[in-house]
Amino acid sequence: PNESQEVRGGVVKTYRFPFAYPYQAPPTFLAVTLADVTYAERAPAVLVSLVRPDGKEVHLYRLAVRGPREGETAPFRRYGDEPLRVQLSNDETTLSAVQEFLDGEFNLQTDTNALGGQVDRVVFGTPTGAGLATEPLTGTYEALVRVAVRDPNDNIGLVRFVLGGAVFGLMGTDSLGRDLAQGLLFGLPVALFIGILVALVSTAIGTSLGIVSGYLGGGMDLLIQRLSDILANVPVLPLLIFMLFIIGPSLYVILFILVAFSWTGMTIQIRSMVLHMRTNQLVESIQSLGASHSRVMFRHILPQIAPYVLSHLIFAVPAAILAEAGLSFLGLGDPSIPTWGQILEGGFRTGGVYVGYWWWIIPPGLLIVLTALTFMLISLGLEPVVNPRLRRTR
């Protein structure tokens, strides 16, 4: 709070949010957010007001925080897991408060039904006469959030006042008010994290099991191959939908499923290569010198298949990125982490694609394609480096 004032029966804490508003158009919405309210005895009371440039103060919202429940012990905490977000522009309490403001300050009689959708224009304007016609009022405004508490140690962890405009950032905002340009930039490290992590883990698992299966043979080979066949034929999408429905949408669940079902093809291919290598003269000579199985597999066989493993690793990165983008586009992504797939899904879900908001659809789609194409070109460029037989001579 910016200031605290002792009153009879407690303390009033005031949070101030001054801002300049030089625009001729009213804002698109007003909102207030409260989170992590903690009190020891009596529940706090909250009053949200707006002081206009003409000195008039509009009381926009009143809230009495819920009191202690039966059997609940102090300290009491409210809005800790899920913050309280109130859209003041459409709240019934705000409509009644603005109605009282017009009646008291301008002697203008109206009803709450007529004020629906007009709160922002009335609060940021001056009535000109008939009806709700207003003239824009520019200048310096100040939002005030007053919290009356019994104990001075009672606290609110987060107080936020949001004023929504019409245009923001290079690409505007999505339906939640998030900057699309920042979302595209934030989506790049998320996409690289998903692609590289899934590719590294799945390639490591597939390579290790493929070498063990092809070199040792016998029961171990049979066990690994049957497990690969089973996992390769499991429908991943229905299983992922089921797990996300039970556990909840989470990026870690998506990563686990992508890793668990993406190593099978690698294992089968590596096994076929190792079956041919384990009978060549190099491996037989190393075995005759008494080398252990692990030394033969990972010191002599692995370097021979390393070019293929590296190529597969780089190709697996765009596959994982495209898989996550596809899942997010279907609405199965983690809503707490903005990704390119979720930006696309939001554009289709809210109808942005149908009204021509191309900047909401084309940039994330192009970034997904360009990222996948980049890794494919890197893989193609590394093939002559890791495989001398593919090098071109001039």
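Refer to the preceding data block for the structure.
Please read these numbers as outputs of a predicted model, since none were measured by experiment.

Q: Could you give an account of the packing of helix α4 (residues 180-216) against helix α10 (residues 293-329), naming the residues involved and the relevant values?
A: Interaxial distance between α4 and α10 falls to 7 Å at its minimum, and their mutual angle equals 145°. The two elements α4 and α10 meet at a crossing, and its hand is right-handed.

Q: An account of the layout of surface pockets is requested, with residue identities and associated values reported.
A: Taken as a whole, the largest pocket holds about 1,400 Å³ of empty space. When contributions to the lining of the largest pocket are tallied by element, the ones reaching two or more residues are β3 (29-39), β7 (84-87), β11 (155-164), α4, α11 (340-349) and α12 (358-386). For the lining of the largest pocket, the per-class residue count stands at 21 nonpolar, 17 polar and 7 charged.

Q: I'd like a rundown of the packing of aromatic side chains, residues and numbers included.
A: In this structure the tally under the stated criterion is 13 aromatic pairs. With centroids separated by 6.4 Å and ring planes inclined at 35°, the aromatic side chains of F19 and F124 adopt a geometry described as tilted. Taken as a pair, F19 in strand β2 (residues 10-21) and F124 in the loop between α3 (119-123) and β8 (125-127) lie far apart in primary sequence, 105 residues in all. When sorted by exposure, F19 lands in the same class as F124, which is buried. An aromatic cluster is built from F17, F19, Y21, Y23, F124, Y141 and F161, whose rings are joined through pairwise contacts.

Q: How would you sum up unusual backbone geometry? Please name residues and give values.
A: Omega for the peptide link from A74 to P75 comes to -5°, which places this bond in the cis form. One non-glycine residue, D36, adopts positive backbone phi at about 55°. With a relative accessible area of 28%, D36 lands in the partly exposed category. The phi dihedral of N107 is positive, around 55°, even though this residue is not glycine. Residue placement: N107 occurs in the loop between α1 (92-106) and α2 (112-115).

Q: Describe in detail helix α5 (residues 218-232), supporting the description with residues and values.
A: Helix length check: α5, at 15 residues, gives a terminal C-alpha distance of 21 Å against a target of 21 Å (1.5 Å per residue), a fit within 8%. Where α5 is concerned, the buried positions are D221, I224, Q225, S228 and L231. Projected onto a plane normal to the axis of α5, the buried residues spread over an arc of 130° and lie on a single side. Away from the buried face of α5 by more than 90 degrees, exposed residues G219, L223 and I230 are located. Looking at the packing, one finds that the buried side of α5 touches α4, α7 (251-260) and α8 (264-277).

Conventions and cut-offs
- Residues numbered from 1 in each chain as written.
- Predicted model: local features only at pLDDT ≥ 70, side-chain atom pairs only at ≥ 80, totals over all residues.
- Heavy atoms only, no water.
- Axes fitted to C-alpha atoms, helices over the stretch in contact; angles between N-to-C directions.
- Helix = DSSP H or I, 4+ residues; strand = E, 2+ residues; numbered from the N terminus.
- Left-handed = near helix turned anticlockwise from the far one by under 90°.
- 1 Å grid on protein atoms, 1.4 Å probe; cavity = no way out; pocket = protein on both sides within 12 Å on 5 of 7 lines; lining within 4 Å.
- Points joined across faces, edges and corners; volume = space filled by probe spheres on them.
- Nonpolar A, V, L, I, M, F, W, Y, C, P; charged D, E, K, R; others polar.
- Phe/Tyr/Trp six-rings, centres within 6.5 Å; stacked < 30°, edge-to-face > 60°.
- Buried < 20%, exposed > 50% of the residue type's maximum accessible area, 1.4 Å probe, protein only.
- Expected span 1.5 Å × (residues − 1).
- Arc of directions from axis to C-beta.
- Contact = heavy atoms within 4.5 Å.

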